[in-house]
Every structure is written in structure tokens, then in C-alpha cells.
Amino acid sequence: MNKMTVVFQNPDDILEFVQKVEKYPYNMDMKRGRYVVDAKSLLGLMNLGFHREIELEVHEEDCEDLRRDIEEFIAA
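Quick caveat: nothing in here was measured; it's all calculated off a predicted structure.

Would you mind going over the side chain of Asn 2 with me for this structure?
Relative to the helices and strands, Asn 2 is located in strand 1 (residues 2–6). Classification of Asn 2 by relative accessible area gives buried; the value is 19%. At 2.8 Å, the side chain of Asn 2 forms a polar contact with the backbone oxygen of Glu 61. Once you skip the residues sitting within four places of it in the chain, Asn 2 turns out to touch Leu 56, Glu 57, Val 58, Glu 60, Glu 61, Asp 62 and Cys 63.

The following block contains the structure:
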């Protein structure tokens, strides 16, 4: 399993993120506090909010291609 921290600034960021992660066959979850949603769920991600760090858990060992594809959302 790989973990990354991402931040969304606005609804367009979430839409773009979901369009990118939908292409991958990996199971992915997003966590913020006690809330956990499917990383491919547009409505679920909207509920997690903006300008906050959200943990992305990818249930796959080798996901460098995904990391490169979503690097603009990964928190520094």
C-alpha cells in the first residue's frame, strides 16, 4: 500500500483528479479525519473539502505512474 497527501483548491481540481484516477485499476481510498471515501467518487471527495490535506491510500505496491499523473495535487 502507498500513501500520499493531496490538497484540492476548488471543485475543478477534484473533477480533474477523479478523471485521472479512474483510468487506473487500483483500489484507492481518501481519508480526512474519521471520514473515508472511494478516491474515484466525485461526490465523496467534494464532501472532504478544499484547502485541507487529505490522505490518499493506494492499495497497490507499484503505482509510480499514478503518482506522476496526479503530482500537481500532491502536497509539498
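Is there a simple way to explain the packing of aromatic side chains in this structure?
Centre-to-centre distance and the angle between the planes together describe a pair of aromatic rings. Counted under the stated rule, the structure contains four aromatic pairs. Consider the rings of Phe 8 and Phe 17, whose centres lie 5.1 Å apart with planes at 70°: the pair is edge-to-face. Neither residue differs from the other here; Phe 8 and Phe 17 are each classed as buried. Both rings, one in Phe 17 and one in Phe 73, keep their centres 5.8 Å apart while their planes meet at 85°; by these two values the pair is edge-to-face.

Reading guide: rules and limits
Residues numbered from 1 in each chain as written. Predicted model: local features only at pLDDT ≥ 70, side-chain atom pairs only at ≥ 80, totals over all residues. Heavy atoms only, no water. Helix = DSSP H or I, 4+ residues; strand = E, 2+ residues; numbered from the N terminus. Buried < 20%, exposed > 50% of the residue type's maximum accessible area, 1.4 Å probe, protein only. Polar contact = N/O pair within 3.5 Å; in protein donor to acceptor, adjacent residues only side chain to side chain. Contact = heavy atoms within 4.5 Å. Phe/Tyr/Trp six-rings, centres within 6.5 Å; stacked < 30°, edge-to-face > 60°.

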